[in-house]
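Per-entry structural report
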Amino acid sequence: MLKSLFSGVSGLQSHQVAMDVESNNIANVNTTGFKYSRANFSDLLAQTRSIATAPQGQLGGKNPVQVGLGSSVNSTTRIFSQGSIQNTDKNTDVAIQGDGFFIISPDGGNTYKYTRAGDFKFDAAGNFVDNNGFIAQGWLRDPVTGKVDSTAPIQDINIPPGLTTPAQPTSEVVLKANLNSGPLVESFSAAYQVPTGAPHSLANPGEGDALDANGNWINSGDMGVLFNETGEAFALQPDQGIWASFLSSTSTSTNAVAATAAASTENIVFELDNGTLETVSFNFLAGNTAAQNAAIEASAINAKSAITGVEATIDTVTNQIILTNTNGNASASHNIRVDSATANTGFTGVEDSITAYRYQYDPTGTTNIAGSDKTFTTIADLRYAMEVEANADGGGATSNIEIIINDQGKFEITNPGGSANDYDVNLRITGMNANSVAGGGITENTKFTRNMEALNSVLPVGSGGKAFSQSFNAATHSSSIDIFDSLGSKHTLRMEFRKTAVDLTTGSTWDMLISVPEPATIDTVAPRNEKTGSVRFNNDGSLATYNPPNVSFSANNGSAPDQQVALSFGTANAFDGMTSFDAPSATSGISQDGFTGGDLVGIRIDQSGTLIGSFSNGRSFGLAQIGMAKFTNNEGLATEGGNVYIQTANSGDPIIGTAATAGRGFIQSSALEASNVDLSLALTQLIVIQRGYQANGKTITTSDQLLETLIGLKR
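Let me begin by describing the structure that accompanies this report. Fair warning: this is a prediction, and the values are worked out from it, not measured in the lab.

Rules and cut-offs
The residue count restarts for each chain, going from 1 along the sequence in the order it is written. Reporting of local features is limited, given that this is a predicted model, to residues whose pLDDT is at least 70; pairs of side-chain atoms are given and counted only at 80 or more, and all residues count toward the totals for whole chains, interfaces and linings. Note that water and hydrogens are dropped before the side-chain values are worked out from all heavy atoms of the structure. Working definition: rings of Phe, Tyr and Trp (its six-membered ring) pair if their centres are within 6.5 Å, and the pair is stacked with planes under 30 degrees apart, edge-to-face with planes over 60 apart, and tilted otherwise. Only DSSP runs of H or I with at least four residues qualify as helices, and only runs of E with at least two residues qualify as strands; both kinds are numbered from the N terminus onward. Relative accessible area decides the class of each residue, using a 1.4 Å probe on protein chains only: under 20% of the type maximum gives buried, over 50% gives exposed, and in between gives partly exposed. The term salt bridge refers to a side-chain nitrogen of Lys or Arg lying within 4 Å of a carboxyl oxygen of Asp or Glu. Should DSSP find at least two bridges between two strands, the strands are regarded as paired. The angle between two axes is taken between their N-to-C directions and runs from 0 to 180 degrees, where each axis is a line fitted to C-alpha atoms and a helix contributes only its stretch in contact. Nonpolar side chains (Val, Leu, Ile, Met, Phe, Trp, Tyr) are joined into patches within 5 Å and like charges within 9 Å, using only residues with over 30% relative accessible area and no salt bridge. Residue-level accessible areas treat just the shown protein chains as cover; the underlying method is Shrake-Rupley with a 1.4 Å probe. In what follows, a contact means two residues having at least one pair of non-hydrogen atoms within 4.5 Å.

The next point concerns the packing of aromatic side chains. Evaluated as defined, the whole model comprises 20 aromatic pairs. Seen in terms of ring centroids, Phe 411 and Phe 472 are 5.5 Å apart; in terms of plane orientation they differ by 70°. Their pairing is edge-to-face. In this pair, Phe 411 is assigned in strand E29 (residues 411-414) and Phe 472 in the loop between strand E32 (466-468) and strand E33 (473-484), connecting sequence segments 61 residues apart. Centre to centre, the rings of Phe 497 and Phe 569 are 6.2 Å apart; their planes meet at 70°, and the pair counts as edge-to-face. Taken together, the positions of Phe 497 in strand E34 (residues 490-503) and Phe 569 in the loop between strand E39 (563-568) and strand E40 (586-592) put the pair 72 residues apart, joining distant regions of the chain. Given the relative accessible area of 1%, Phe 497 is considered buried. The class for Phe 569 is buried, based on a relative accessible area of 0%.

Here the focus is the pattern of salt bridges. Close approach of charged atoms lets side chains of opposite charge pair. Overall, the coordinates contain 16 salt bridges when judged by the stated rule. Residue Lys 90 is joined to Asp 93 by a salt bridge in which the shortest nitrogen-to-oxygen separation is 3.5 Å. Judged by its relative accessible area of 4%, Asp 93 falls in the buried class. The network of salt bridges with common partners includes Lys 35, Arg 116 and Glu 673.

Backbone hydrogen bonds hold the strands of a sheet together, and the pairing may be parallel or antiparallel. Reading across from one edge, E28-E29-E32 is the order of the three strands in this open sheet, with antiparallel pairing throughout. Two strands in the sheet have a free side with no partner beyond their single neighbour: strand E28 (402-405) and E32. Neighbour-to-neighbour, the strand axes of this sheet turn through a mean angle of 20°, independent of strand direction. Bridging between E28 and E29 involves four bridges; their strand directions are antiparallel. Its bridge partner lying in E29, Ile 404 is registered against Glu 412.

Turning our eyes to something else, we now look at a nonpolar patch on the surface. Residues Leu 44, Leu 45 and Leu 69 make up a contiguous nonpolar surface patch of roughly 270 Å² in combined accessible area. Looking at the element boundaries, Leu 44 is found in the loop between strand E1 (37-43) and strand E2 (47-50). On the basis of relative accessible area, Leu 44 is assigned to the partly exposed category, the value being 35%.

Moving on: the pairing of strand E22 (residues 277-284). Here E22 shows one buried face, formed by Glu 278, Val 280, Phe 282 and Phe 284, and one open face, formed by Leu 277, Thr 279, Ser 281 and Asn 283. Bridging between strand E21 (residues 264-271) and E22 involves eight bridges; their strand directions are antiparallel. For Asn 267, the partnering residue across the bridge sits in E22 and is Ser 281. The turn linking E21 back onto E22 is made up of five residues, and Gly 275 within it adopts a positive phi angle of 90°.

In spatial order, the strands read E27-E26-E19-E30-E31; together these five strands make up an open sheet with mixed pairing. Every other strand in the sheet has two partners, leaving strand E27 (374-376) and strand E31 (457-459) as the edge strands with one partner each. Averaged over all adjacent pairs, the angle separating strand axes in this sheet is 25°, with direction ignored. Alignment of strand E26 (residues 356-361) against E27, held across three bridges, turns out to be parallel. Among the inter-strand pairings, Gln 360 is bridged to a residue of E27, identified as Thr 375. The strands touched by helix H5 (residues 379-392) within the sheet are E26, E27 and strand E30 (425-431), with E26 carrying the most contacts at an inclination of about 165°. Helix-sheet contacts for helix H6 (residues 446-453) involve strand E19 (241-245), E27 and E30, and the interaxial angle to E30 is about 170°.

Once that is clear, we can look at the pairing of strand E24 (residues 320-325). With four bridges connecting them, strand E20 (residues 249-252) and E24 associate as antiparallel partners. When the sheet's bridge partners are listed, Thr 252 is paired in E24 with Ile 322. Linking two consecutive strands that pair antiparallel, namely strand E23 (residues 311-315) and E24, is a turn of four residues; a positive phi of about 60° is found at Asn 319 within it.

It is worth stressing that arrangement in space is one thing and function is another; only the former is reported here.
Shown next, in the form of structure tokens:
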């Protein structure tokens with residue numbers, strides 16, 4: 001009978017403990033980062049009145065007869081379910097979404113405590129502390145490397161008040177851009193200026209023949225990669241080119257046309273541009289005078305003018321035939337080449353007149369001998385070849401005809417006079433086609449022809465007139481960025497790219513001009529504020545190589561000289577930097593790692609727990625990173641009050657690392673984790689505990705009544 005009394009008492013005690021636990025949960029319903037607990041009931045040792053027996057023969061087995069002796073609370077379990085995240089207006093508030101704990105220390109890292117409450121702030125000394133004054137643990141920025149090393153031991157997070165960052169000189173410029181390889185470009189610039197006279201490079205090997213905008217000698221660029229004024233590529237192929245003559249071809253028959261006593265058939269054979277022969281046949285009648293035969297002969301020659309390009313007129317005094325080829329008919333042959341003729345015609349086969357010559361593109365070299373066909377590679381080569389011929393056509397090499405490439409990228413021809421060899425220029429330019437050379441094999445480059453045909457004009461000696469071609473342009477692109485010296489001063493680094501060559505096998509080449517404003521220097525030779533280089537691409541558009549890989553920059557303002565700035569344009573044979581596709585030239589990314597000095601103006605915290613400082617110079621970088629700990633058994637942690645847990649023998653050792661790694665949750669800034677107490681569940685649990693307590697009380701009163709009845713039997 002007494003057992004039931006004590007069972008009731010144990011039940012009351014157990015429910016009282018459960019009530020204490022649940023009351024604590026409700027009391028902390030608004031405590032940041034609080035995790036609720038539950039009481040775990042278990043029964044007490046039972047009294048065995050009879051043991052269990054096994055089946056024997058025909059008699060079955062019996063279960064044991066045991067009477068329980070009550071209940072107790074043998075443990076409490078803390079439930080570490082996720083609390084809701086509540087946004088705040090404080091940028092140093094942090095909440096953990098997932099598993100893990102913030103690490104805090106009251107003694108400079110000698111002992112660690114753990115919390116889920118992320119209500120941190122900076123104290124007067126710059127320590128990152130919680131509401132207990134415990135300092136958050138993590139990693140600080142290494143002043144040498146400028147990075148936060150999360151593999152080092154954790155330490156107090158401290159960001160000194162009034163933190164400043166010194167100027168950092170630029171050590172690298174990273175460029176990601178595409179340079180248009182297509183036949184139509186939107187970004188282009190006029191070809192470089194080329195002055196009159198012999199090429200500059202003849203007397204100055206290693207220097208170019210053209211002048212850039214600053215008056216520095218530079219390579220003029222391969223004609224094959226230039227563009228017209230609408231951005232269309234000429235795409236010159238080997239042997240394509242033009243015919244050009246500065247004088248019409250004229251010739252007079254050696255003898256007068258003969259009178260004929262008897263009828264005869266006469267022939268004049270002209271050699272055409274492609275080496276074939278064109279025969280002009282006509283008949284002289286019996287009894288014709290020389291004048292009558294001359295008229296027949298001239299008419300026959302003119303009938304073939306569309307083929308030979310030759311027109312005939314008659315000297316009525318001498319009855320000689322005068323031949324003229326203006327060299328202006330693109331579909332007819334050029335020059336006058338009399339291969340043979342019958343005697344009565346007055347021609348003897350020595351009446352040739354050559355004033356038109358072929359100017360053909362050759363990517364491997366150039367020839368510019370007067371009185372012969374010429375080849376060119378660059379626009380400067382073509383200019384010089386034409387000027388050589390123009391000054392030779394006057395009967396000597398001292399004519400004053402000048403040909404330049406002006407600042408608009410146009411051929412400009414003047415005939416100022418002043419020399420005994422000067423003559424009136426009658427410039428005629430036509431395109432070359434399959435009929436221009438023996439064996440054919442050439443197609444006319446109409447874009448190139450149209451550009452050069454604009455020069456066709458008459459320039460009398462000393463007239464002051466000028467002839468202009470259409471403009472020649474190079475595909476260009478430029479990028480610029482401000483770099484910093486050791487004092488934090490800004491200097492604009494400009495990179496200009498100009499397409500200069502195409503190799504059908506390997507790809508394209510672009511010249512590069514790097515410049516900085518004076519008095520800064522990046523080269524040891526004049527101009528010292530400029531440095532030339534090149535970028536070459538493979539035939540799949542990937543980067544092949546570039547030079548220079550770096551520049552030595554001196555600001556000459558009192559900052560450290562010879563500052564090495566690496567140029568990072570990408571990986572060879574890859575597409576992670578500069579490329580050359582058939583797409584508009586554009587810079588998709590450009591950056592550098594230097595900055596001027598600045599003061600700390602704000603701090604924000606990212607998902608990895610990194611405290612990112614924003615400085616008055618516009619730079620932002622990690623100053624520290626909050627450490628997080630993870631335990632094998634979170635429920636084994638012991639609470640110390642103040643939202644703080646400590647490690648126990650059953651929690652396991654802390655596994656320390658960064659947020660969002662190895663199973664640790666991520667950090668959300670400007671937010672706090674609310675208590676995970678469910679008030680509706682807690683109040684319901686109160687009712688259950690209350691009823692349990694009342695029922696155990698009834699057990700005691702009922703046992704008391706039974707004892708009273710038992711005692712009454714003695715009366």
